[in-house]
Structures are given as C-alpha cells and as structure tokens.
Amino acid sequence: MKEEQSAAVTAEAGTRAAKSRREILWTLFKSMFVLSACTFGGGFVIVSLMKKKYVDQLQWLDEDEMLDVTAITQSCPGPLPVNASVIIGYRMCGILGSFVAVLGSILPPMIIISIISVFYTQFRSNRYIAIALQVMRAGVAAVIIDVVINLAKNVLKTRRILYILMMCAAFICAYLLDVSAMVIILTCLAIGFADLSVNLVKKRKGA
Amino acid sequence: MKLLLQLFFSFFQVGLFSVGGGYAAIPLIQDQIVNVTGLMTLEEFTDLITIAEMTPGPISINSATFVGTRLCGVLGAVICTLGCILAPFIICLTMAHFYYKYRNFSGVQNVLGALRPATVALIGSAGVSILVLALFQSDLAGIQLSNFRGIEFVLFGVCLFLLRKYKMSAITIILGSGVVGTVLYLLKDLILL
C-alpha cells in the first residue's frame, strides 16, 4: 500500500516536472520570439532586453551570469542574439533548450525578411517607415541606458578600484577609440588572469 | 541541389568567421555572396544591407534569409540560415557547457569578475552610439548641432523616465516610441503646411 502510494507520488512528481519543463520550454520560445521580433539596432540591444526579461522579470539568471553570458557570446563567432539564445536555452533545459531558444530567435527575422524581400523597393522608399525607424532609436537608447545605469551601479558597489577603472577605460576604448569588443574582452580576460595570479601569490605568502 | 549546397557552405563560412557580431559580418557576406560565388550583384547586396538595417534581427540571419529566398524560395532561406548558425551553435554550446561546469570555482570567478565591468562598458558604448544616432542622425565624429532633433530628445527623456520610475516593459517602450514619434512627426508636417 505504502509502496503504491509512494510510486504514485513519484509518478505525479515526474509528470509535474515534465509539465514544468514543457512550460519552461514554451516560455523560452515565446520570450525569445518576442524579443527577437523587437530588436532593432544590433546585438547589444537584445542583451539589454534579455537582461530585463530573464534577470529582472523571470529571475531565471542572476545578473553576474547574464554579464558572463554576454562576454561569451561576444567572443564566439556568429550573431549575438543567436549565441545568447544557445547559452540561455542550455542553462534552462540543456541542448533541447538551446534548440528551442534558437528557433524562437531566428523565426521572426526569417519571416519578416521573407515577406519584405518580395516588395522591398516599396518598403525601402516608404517615408513613414523611415521616420518610425528613426524615432524608435530614441526608445531603444532609453532601454539600453536604463539597463546600463543599473549594471554600472553594481560595478561601483563592488568598491574595487580596478573594476571601476576597467569599466571607464573599456568605455573610452569602445566608444571613442573604436577598439573592437573582442579585443577589449580578451584584454580584460588577461587582466583577470593577472589579478588571479597576484591573489594566489598573496595567499601563498600569507600562509 | 548543387546551388543549395553552395549556399549552405557559403553561409557556414559566414557564421564561422563573423566574430564580433553585426557589422563585422557584412564584408564577409559580401565576399562570399558577391565576389566568390557571384550569387548577387553589388547593387542587390547594397539593397540587402539597407533592408537588414531596417528590420529587426541579426544582419547575418537577415542576409541569409534574403539571399536564400531570392535564389531558392523558402527552402533556400532555411538552408542558408541553418548554414549560418550551425558553427556558432556548436561553439556556443561547448562554451556554455564548460562555463556552467566551472563557473563556481573561485579562480574562474576571479577572472570572470574582471570581465564584467568591461561588458557593462561595451553595452554602455552601444547605448550611447544609438542615442547619438537618434539625436543627430550621425556618429560622434559627424555631429552637427544644426541637426539636433528635439522630438527624439523629448522621446528619449520620457522613455527613460518611464523605465526608471515605473519599470515599464522594454518592448512597450520601443514600440510605443515608434508610434508616438511617427505621430509627432506627422503633426509637425501638418502644422508646417
């Protein structure tokens, strides 16, 4: 009797887990689809949107994790939104999650471009579309800057002079000096390793 | 069939070698599609870039779909897109696997900790570039004060306020700014007439 009961309980837990997994996969697909359909203006826009969605709203990832994911997507070849989908999907549901997330993020551009490629001359020369795309940049900029204010606050909160200096230097290099993101990330990776070895040496001396 | 294979292989290379995303992929796509394979003329390619910039989604996926659709219909679009994301998919999956396996080691945390401020700065730099583009319709070097756009400036201020004070959803803000801004420009046209 007891065994039967516990078997029933495990089976129920199993179906519940399967159900919640299905729900996660569906949420993953749906959110990637919507985010991708609204990403005007390049890779970092979608990173800001993903941070708002997966860190603030769904709380699937913590903030540090999202920044790590961003750094990884930047250092891998391929389009940033696709790369980020692969990693976030993998985090939530393994390889299946990656497939679902990538499908969600590539479908909107594929559908939109397939439609537009038929009548693209009219699309290209339509004045109102041009205006809408130009003004939308103001909204996109506001979204990114809102996210960056929150992220920068947290870097300041670490109270590590090295990190704060690195943030300022990286901004100057990226924005004013046009250094590529890849070079900046690799340089900071090297600084990270140097920082690690300094810490290890200190520890050894202390011990 | 031969064309499909050729398309797949061309976009596989685009996916594999476009490190740094977005605009870094344009010369690669041009090289593959216009110069090496001659699948498109330079003029068609310029149109393609204009459209890719005007629509949501990564430029390489947009171009893959565009080239594929024009040459082989829907099947072509699917094959090109698959080719384009195959290499990044495998590489990122591998990176994700190792990241989640080792991320909690203190040494790894130490190194990743140094990467985070830089990532914040990169996102910030992208944000400022788009803001300057919205306000002056040019990059930093080409700023002319006479090109300053008041409507976009007000929109930006209102959007940022709504985001910070009322935590409004980002999608609402982006789509809303498009609609409200377009209406404002139409009104301005009407008044000036």
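Between chain A and chain B, the contact holds 97 residues from the first and 85 residues from the second. Between chain A and chain B lies a buried interface of about 8300 Å² when both sides are counted; carbon and sulfur atoms form 78% of it. It is Pro77(A), Ile113(A) and Tyr175(A) in chain A that bury the most area against chain B; as a group they hold 8% of the surface buried on that side. Taken together, the links from chain A to chain B amount to 5 salt bridges. Arg127(A) is the partner of Asp189(B) in a salt bridge, and the nearest nitrogen-oxygen pair spans 3.0 Å. Inspection of the chain A/chain B interface yields 11 residue pairs in polar contact (both at pLDDT 80 or more). The leading source of residues in the side of chain A that touches chain B is helix H6 (residues 127–157) of chain A, at 26 residues.

What follows deals with the state of the cysteines. Under the defined criterion, the tally for this structure stands at 0 disulfides over all chains. Not part of a disulfide, Cys84(B) finds its nearest cysteine sulfur in Cys80(B), a span of 8.8 Å.

Residue and element names in this part refer to chain B. For chain B, the assigned domains are domain 1 (2–146) and domain 2 (149–193). With both sides pooled, the region where domain 1 packs onto domain 2 buries about 400 Å², and carbon together with sulfur makes up 66% of that total. Contact with domain 2 buries surface across domain 1, with Leu131, Leu135 and Gln137 losing the most and accounting together for 83% of the total. At the boundary of domain 1 and domain 2, one finds 2 residue pairs in polar contact (both at pLDDT 80 or more).

Enumeration according to the criterion identifies 12 aromatic pairs over all chains in this entry. Ring centres 5.0 Å apart and planes at 35° place the aromatic pair Phe99(A) and Phe89(B) in the tilted group. Note that Phe99(A) is positioned in helix H4 (residues 80–116) and Phe89(B) in helix H4 (residues 59–102), a pairing that runs across two chains. Aromatic side chains Phe161(B) and Tyr166(B) sit 6.0 Å apart centroid to centroid with 80° between the ring planes, which places their arrangement in the edge-to-face category. Ring-pair connections join several aromatic residues into one group, and the members of that group are Trp26(A), Phe29(A) and Phe33(A). Between Arg160(A) and the ring centre of Tyr163(A), over which it is positioned, the NZ or CZ distance is 4.5 Å.

Another aspect to go through is the environment of Ala126(B). Structurally, Ala126(B) can be placed in helix H5 (residues 106–136). Between the C-alpha atoms of Ala126(B) and Val158(B), which are 32 residues apart in sequence, the distance is 20 Å.

Moving on, we come to the pattern of salt bridges. Residues and elements named next belong to chain A. Enumeration over the complete set of coordinates arrives at 10 salt bridges over all chains. Note that Lys51 is salt-bridged to Asp56, the shortest N-O span being 3.4 Å. Overall, Lys51 belongs to the buried group, its relative accessible area being 5%. Under the relative-accessibility criterion, Asp56 is labelled partly exposed at 37%. A salt bridge links Glu65 to Arg91, with the nearest nitrogen and oxygen atoms 2.5 Å apart. Of the two residues, Glu65 sits in helix H3 (residues 63–75) while Arg91 sits in helix H4, which places them 26 residues apart along the sequence. With relative accessibility at 32%, the residue Arg91 sits in the partly exposed group.

Residues that lie three or four places apart on an α-helix share one face, since the helix turns once every 3.6 residues. Taking 1.5 Å of rise per residue, the 31 residues of H6(A) would be expected to cover 45 Å, and the 46 Å separating its terminal C-alpha atoms lies within 8% of that figure. Looking at where H6(A) begins, the residue whose side-chain oxygen comes 2.8 Å from the main-chain nitrogen of Tyr128(A) is Asn126(A).

Turning next to the side chain of Ser31(A). Residue and element names in this part refer to chain A. Relative to the assigned elements, Ser31 resides in helix H1 (residues 2–37). The exposure class assigned to Ser31 is buried, which follows from its relative accessible area of 6%. Residues in contact with Ser31, not counting those within four places in the same chain, are Lys53 and Tyr54.

Quick look at unusual backbone geometry now. As a rule of thumb, non-glycine residues mostly have phi less than zero, and peptide bonds are mostly trans rather than cis. Phi is positive for Gln59(A), close to 55°, though the residue is something other than glycine. Residue position: Gln59(A) is located in the loop between helix H2 (43–57) and H3. Despite not being glycine, Lys167(B) shows a phi value in the positive range, around 50°. Looking at the element boundaries, Lys167(B) is found in the loop between helix H6 (150–166) and helix H7 (170–192). Judged by its relative accessible area of 66%, Lys167(B) is exposed.

Thresholds applied
Residues numbered from 1 in each chain as written. Chains lettered and ligands numbered in written order. Predicted model: local features only at pLDDT ≥ 70, side-chain atom pairs only at ≥ 80, totals over all residues. Heavy atoms only, no water. Contact = heavy atoms within 4.5 Å. Buried area = accessible area lost by both parts, 1.4 Å probe. Salt bridge = Lys/Arg side-chain N within 4 Å of Asp/Glu carboxyl O. Polar contact = N/O pair within 3.5 Å; in protein donor to acceptor, adjacent residues only side chain to side chain. Helix = DSSP H or I, 4+ residues; strand = E, 2+ residues; numbered from the N terminus. Disulfide = S-S within 2.5 Å. Domains from an automatic or database assignment. Phe/Tyr/Trp six-rings, centres within 6.5 Å; stacked < 30°, edge-to-face > 60°. Lys NZ or Arg CZ within 6 Å of the ring centre and 35° of its normal. Buried < 20%, exposed > 50% of the residue type's maximum accessible area, 1.4 Å probe, protein only. Expected span 1.5 Å × (residues − 1).

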